[in-house]
Amino acid sequence: MNVPTSFSEQEIHQTAVIVVAAGSGTRLGYGIPKALVPLAGRSLLEHALDRIQLAGCAAQVIAVLPEDEAELAAIAANHPLRPHWVSGGATRNDSVRAGLAALEPGTERVLIHDAARALTPPEVFRQVVSSLLAGAQAVIPVVPVVDTIKQVATDPGRQPHVTGTPARDLLRAVQTPQGFHAPTLLAAHQQATDWDRAKAEAITDDAMLMEILGERVDTVPGAAAALKITTKPDLVLAESMLPAHPPKESPMPPHSGGQQPPLIPRTGIGIDVHAVADPAEPRAMWLAGLHFPEDQGLSGHSDGDAVAHAACDALFSAAGIGDLGTHFGTDRPEYAGASGTTLLAEAARLVRAAGFEIGNVAVQFVGRRPKFAARRTEADAVLSKAAGAPVSVTATTSDGLGYEGAGAGVTAYATALVYSVR
Ligand SMILES: Nc1ccn([C@@H]2O[C@H](COP(=O)(O)OP(=O)(O)OP(=O)(O)O)[C@@H](O)[C@H]2O)c(=O)n1
Ligand SMILES: C[C@](O)(CO)[C@H](O)COP(=O)(O)O
């Protein structure tokens with residue numbers, strides 16, 4: 001079968017991928033959920049999402065995560081695919097059902113994928129979708145079996161004994177993503193809801209449900225890289241399939257097969273307004289990290305540095321981690337009177353702690369005072385030092401209009417660009 005390189009908008013729109021990532025990873029033994037385990041510096045969930053993104057076959061992506069797992073939720077929220085995420089259940093089957101419950105009505109095709117098969121190449125996703133588009137109700141990626149497989153009987157109190165040897169050339173090991181006509185899979189799961197525990201537990205993949213219900217299941221070629229990372233040696237093998245780590249200073253995360261998903265930076269916006277303080281209460285004017293001794297200062301909970309505050313908000317907005325009020329609000333008295341540069345340095349630290357590096361921050365303020373042009377280079381240097389990244393400040397007047405023109409206040413507008421380094 002030819003692997004399609006792209007799908008139509010409608011085909012993508014009607015296709016969903018559910019990534020089940022709610023397992024505990026007991027056999028891997030890291031003591032953290034398996035999807036969070038790092039492989040060449042990136043979690044298994046991110047590797048799986050990267051490849052789904054590269055496949056470009058589905059508009060809906062649903063990640064099924066362990067309940068109350070904030071770190072994985074943050075990873076999902078910050079991935080460029082922006083998957084919808086839901087909490088999983090006690091078994092893989094329960095997690096699949098939680099994912100299916102979150103499907104948008106009208107979804108035609110659904111792929112169920114194990115986050116544990118984190119390096120599954122995008123081509124496998126595309127082949128599965130292509131086969132569904134050609135009319136398959138159910139389709140699974142498979143690879144030939146290399147071991148001889150025996151069927152055994154496990155009589156209580158006796159050594160298991162062989163009852164047969166299936167012909168190896170007819171056996172296949174099954175991988176994910178497994179693709180289905182969505183209404184048929186939903187119906188199959190619905191029918192299985194009243195099965196007793198033993199029957200339900202014997203279902204180890206979704207294709208099996210379809211088989212039991214008499215549906216035909218087609219196959220497409222799987223891939224060695226789609227191995228299910230289950231034990232520590234699997235992790236070593238998976239790592240060996242990735243190219244060598246990129247140099248430390250590179251912002252690009254490592255990826256398999258020489259393919260790099262597009263690095264999509266995130267932009268943010270921040271606006272801050274401060275009134276000029278009442279002349280009866282002299283205040284020092286701090287703006288853009290600099291002191292302007294000739295000017296009456298700006299009022300505010302902190303030093304009133306609207307430029308630095310707008311820069312902080314733009315950074316928080318770019319990283320999607322709230323805003324100035326979230327991190328430095330009046331419920332944080334330790335920040336009362338804090339300088340703009342202190343706040344900017346702390347904002348940059350929080351953004352980096354959330355897994356981002358800062359590209360740059362640009363701020364423009366509108367105000368009659370202070371006179372800024374002669375000190376722009378100094379301001380850029382002070383703020384860039386605080387943020388640990390380039391910050392550039394420009395200034396303008398409002399041609400006498402509004403509160404800025406009247407000299408009653410200053411408005412600062414900032415944009416920031418950050419990129420994920422997880
Ligand atoms: N309750 C569960 C159990 C498993 N899975 C997912 O199903 C896939 C296959 O499961 P497996 O590889 O067995 O993962 P774990 O259950 O985490 O492994 P272990 O059995 O070693 O704990 C994984 O992506 C896993 O996250 C899930 O979403 N919910
Ligand atoms: C779905 C699957 O990956 C196909 O091989 C496999 O059955 C999952 O099994 P697990 O025991 O839940 O990992």
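Note that the coordinates shown come from a computational prediction; the quantities given were computed from them, not determined experimentally.

**Student:** Can you walk me through the packing of helix 2 (residues 44-55) against helix 5 (residues 122-133) in this structure?
**Tutor:** For any two helices packed against each other, one specifies the crossing angle of their axes together with the interaxial distance. At their nearest, the axes of helix 2 and helix 5 sit 8 Å apart, and the two run at 55 degrees to each other. Taken as axis vectors, helix 2 and helix 5 run oblique relative to one another. Handedness of the crossing formed by helix 2 with helix 5: right-handed. When helix 2 is examined against helix 5, the residues Arg51, Ile52, Leu54 and Ala55 are found in contact with a partner set consisting of Pro122, Phe125 and Arg126. Of the residues belonging to the contact of helix 2 with helix 5, the class tally is five nonpolar, no polar and two charged.

**Student:** Help me understand the site of ligand 1, please; the structure alone is not making it clear to me.
**Tutor:** Among the 18 residues in the neighbourhood of ligand 1, the closest are listed as Gly25, Thr26, Arg27, Lys34 and Ser95. Within the backbone of Ala22, an N or O atom sits 2.9 Å from an oxygen atom of ligand 1. In this structure, Gly23 approaches ligand 1 through a main-chain N or O atom, which is 2.9 Å from an oxygen atom. Here ligand 1 has 560 Å² of accessible area as a free molecule, and 88% of this is covered by the chains. The residue inventory of the shell around ligand 1, partitioned by class, reads six nonpolar, seven polar and five charged.

**Student:** Would you mind showing me how to read the UniProt feature "site: Positions MEP for the nucleophilic attack" (unreviewed entry) in the chain here?
**Tutor:** The UniProt record marks Arg168 and Lys228 with the feature "site: Positions MEP for the nucleophilic attack" (unreviewed entry), using the residue numbering of this structure. When you line up the elements, Arg168 lands in the loop between strand 9 (161-164) and strand 10 (172-174). Arg168 gets classed as partly exposed once you look at its relative accessible area, which sits at 40%. Of the polar contacts made by the side chain of Arg168, one reaches the backbone oxygen of Val146; its length is 2.7 Å. Topologically, Lys228 is positioned in the loop between strand 12 (218-221) and helix 9 (232-240). Look at Lys228 and you get partly exposed, because its relative accessible area is 31%. Among residues more than four places away in sequence, those in contact with Lys228 are Arg27, Asp114, Ala116, Arg117 and Asp234.

**Student:** Help me understand the site of ligand 2, please; the structure alone is not making it clear to me.
**Tutor:** Taken together, Arg92, Asp114, Arg117, Val174, Thr176, Thr204, Asp205 and Lys228 make up the full set of residues near ligand 2. Between ligand 2 and Val174 there is a distance of 2.7 Å, counted from an oxygen atom to a backbone nitrogen or oxygen. For ligand 2, an oxygen atom lies 2.8 Å from a polar atom in the side chain of Lys228. Burial of ligand 2 by the protein chains amounts to 72% of its free accessible area of 350 Å². Taken together, the residues of the shell around ligand 2 break down into one nonpolar, two polar and five charged.

**Student:** Please clarify how the packing of aromatic side chains should be interpreted in this entry.
**Tutor:** Taken as a whole and judged by the stated rule, the model has three aromatic pairs. Note on Phe316 and Phe328: the rings are 5.9 Å apart at their centroids and 55 degrees apart in plane angle, and the pair reads as tilted. With Phe316 in helix 10 (residues 306-319) and Phe328 in helix 11 (residues 324-328), the pair connects residues that are twelve residues apart, well separated along the chain. For the pair Phe316 and Phe328, one class covers both residues: buried. On the basis of an interplanar angle of 70 degrees and a centroid distance of 4.7 Å, the ring pair of Phe328 and Tyr335 is categorised as edge-to-face. One aromatic cluster in this structure is built from Phe316, Phe328 and Tyr335. Above the ring of Trp195, the side-chain terminus of Lys199 is found at 4.3 Å from the ring centroid. A cation over an aromatic ring shows up here: Arg375 above the ring of Phe292, its NZ or CZ 4.8 Å from the ring centre.

Rules of the game
- Residues numbered from 1 in each chain as written.
- Chains lettered and ligands numbered in written order.
- Predicted model: local features only at pLDDT ≥ 70, side-chain atom pairs only at ≥ 80, totals over all residues.
- Heavy atoms only, no water.
- Axes fitted to C-alpha atoms, helices over the stretch in contact; angles between N-to-C directions.
- Helix = DSSP H or I, 4+ residues; strand = E, 2+ residues; numbered from the N terminus.
- Parallel < 35°, antiparallel > 145°, perpendicular 65-115°, else oblique.
- Left-handed = near helix turned anticlockwise from the far one by under 90°.
- Contact = heavy atoms within 4.5 Å.
- Nonpolar A, V, L, I, M, F, W, Y, C, P; charged D, E, K, R; others polar.
- Near = heavy atom within 4 Å.
- Polar contact = N/O pair within 3.5 Å; in protein donor to acceptor, adjacent residues only side chain to side chain.
- Areas by Shrake-Rupley, 256 points an atom, 1.4 Å probe, with all protein chains shown as cover.
- UniProt positions renumbered as here; feature names shortened; annotations may be inferred.
- Buried < 20%, exposed > 50% of the residue type's maximum accessible area, 1.4 Å probe, protein only.
- Phe/Tyr/Trp six-rings, centres within 6.5 Å; stacked < 30°, edge-to-face > 60°.
- Lys NZ or Arg CZ within 6 Å of the ring centre and 35° of its normal.

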